[in-house]
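Results of the structural survey
Each chain, letter by letter, is given below.
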Amino acid sequence: MRLFCFKRMKIMNGLLSMLFAFSIINPIDAFFPLKIPLFILLFCFCVFFCKSVRLDSVMPCVIVYSILILTSFMGGFMEYETDYDTSFFYYKTFTFLLLIPWCRYFEVFSSTVYSLLIVAFVCVGIYVIGLINEDVFILLYSYLESELKGLTAISERTFIGINFTSVYYSSACISLVIFPYLLSMWFDGGRKRYGFLAIVMGVLIFVSGLRAMMLAGFITFISIILLKFSRKSKAIAVSMFVILSVFTLFLVIALLNDKGELSLDAKKKLTQAFFYHLDDNPETLIWGNGVGATFDSLGVRGRNAVASELFYYEIIRFFGMPLGLLFLIVYVYPLVLIYKKRRLLLYWKAISIGYLSYLFAGGTNPYLISSNGMITLLIMYAYALNPYYHAKKTL
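Below or above, wherever it landed, is the structure these notes cover. (Residues numbered from 1 in each chain as written. Predicted model: local features only at pLDDT ≥ 70, side-chain atom pairs only at ≥ 80, totals over all residues. Heavy atoms only, no water.)

Before going further, it helps to spend a moment on unusual backbone geometry. You will see that Glu79, though not glycine, has its phi angle at about 60°, which is positive. Here Glu79 shows up in the loop between α3 (55-77) and α4 (84-93). (Helix = DSSP H or I, 4+ residues; strand = E, 2+ residues; numbered from the N terminus.)

Below, the structure written as structure tokens:
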């Protein structure tokens, strides 16, 4: 019986590893579209071979789909203009939550780390080619823009007067959660490979060139350093905290007032558009417009824009304030579970810091509701629910 259970867990986590690999390396199904078949296969395996589930682990899926259905009905009843492709995308994306009841069996970190390692090598490789051979870089850029648009994005960015090349991979954001976990294990005297992997994840964060992601990565790194020093000397930790807090505050102010950065100008205009929309449709705050509802983006994305990439504004616009807050509980609840089990989870602080930085960066980028966002949620729920991670110093 034990041998059967062991083999069953091995098969389940093997399927999970393949699902994570295809979701991270190939999130837009640009080649070998196996993400959906692997998800169905894993879900069916869980249903037939692991029938025991916790009641509270079913609630995230119930909450999300209840909100989606209710607000979609209200949006149709109020006759708001709706993009049904976007509505379908939301319904499809959240099917990943069907796996949460079995998260207590999932070993998620090794699957995620090695898939992100491939992503990092791709991004760094493209970056190095740009430094070595401009002609090859231009050809590569043209190919990625025409054939793999949405998977990667290469651009020249300017932050606070500093020019650099950004090589962004659409699943790189997951590294924000993994980076502090690896860093903490390395600082705790873990194997050298944890240090190597932590450095690679850090490079991936900063090569991405996304303002919010880089800032979140920086704050995460500083937080882990402070945690390490706080164990040795409270005075040194407090002094470092004050100095670095002042520095970070000045950095944030400088980034927010950076002139000539097009993405920042677009986000400011989309924020303005959101509040104009609330002025014209005050009932949005109560019951929302329904998932996929359009709005006037003030020229940024046209008069019938669906998404603004400002996640928390989108939640209010789609679901209203009451249901929007209930929706966000699904994202916050794993932090509550982890805190309750903090005496059993050695790296609960690192994981929590990484996840909070991810939620911060995701507020201005479109990856909280995507396969990447769902993978991150599964990582958090698995760390909170799987006894495998109790007092573990390994992936």
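Turning our eyes to something else, we now look at the packing of helix α5 (residues 109-132) against helix α6 (residues 134-147). Interaxial distance between α5 and α6 falls to 6 Å at its minimum, and their mutual angle equals 140°. Considering the angle they form, α5 stands oblique to α6. Between α5 and α6 lies a crossing of left-handed hand. Between α5, through Ile126, Ile129, Gly130 and Ile132, and α6, the contact on the second element is made entirely by Glu134, Val136, Phe137, Leu140 and Leu144. Grouping the constituent residues of the contact of α5 with α6 by class yields seven nonpolar, one polar and one charged. (Axes fitted to C-alpha atoms, helices over the stretch in contact; angles between N-to-C directions. Parallel < 35°, antiparallel > 145°, perpendicular 65-115°, else oblique. Left-handed = near helix turned anticlockwise from the far one by under 90°. Contact = heavy atoms within 4.5 Å. Nonpolar A, V, L, I, M, F, W, Y, C, P; charged D, E, K, R; others polar.)

With respect to the element layout, Thr294 can be found in the loop between α12 (284-287) and α13 (311-340). Aside from chain neighbours lying at most four places away, what touches Thr294 is Glu81, Asp83, His277, Asn304, Ala305, Val306 and Arg317.

This part is about the nonpolar core. Ranked by size, the top nonpolar core spans 103 residues in total, and within it Phe94, Phe106, Phe327 and Tyr331 carry the most contacts. With eleven residues, the single largest contributor to this core is helix α15 (residues 371-385). Residue contacts for Tyr331: discarding those within four places in its chain leaves Phe94, Phe311, Tyr355, Leu359, Leu368, Ile369, Met374 and Leu377. Core analysis: the next-biggest nonpolar cluster, separate from the first, contains five residues, Leu270, Ala273, Phe295 and Leu310 among them. (Core = buried A, V, L, I, M, F, W, Y, C linked by side-chain atoms within 4.5 Å. Buried < 20%, exposed > 50% of the residue type's maximum accessible area, 1.4 Å probe, protein only.)

Moving on to the side chain of Thr93. Its location among the elements puts Thr93 in helix α4. Polar side-chain contacts of Thr93 include one of 2.7 Å to the backbone oxygen of Phe89. Discounting residues that sit within four places of it in the chain, Thr93 has contacts with Ile369, Ser370, Ser371 and Met374. (Polar contact = N/O pair within 3.5 Å; in protein donor to acceptor, adjacent residues only side chain to side chain.)

With that settled, the discussion passes to α3. Taking 1.5 Å of rise per residue, the 23 residues of α3 would be expected to cover 33 Å, and the 33 Å separating its terminal C-alpha atoms lies within 8% of that figure. Where α3 is concerned, the buried positions are Ser57, Pro60, Cys61, Ile63, Val64, Tyr65, Ile67, Leu68, Thr71 and Gly75. The elements touched by buried residues of α3 are α4, α12, α13 and α15. Backbone geometry just after α3 places Glu79 at a positive phi near 60°. (Expected span 1.5 Å × (residues − 1).)

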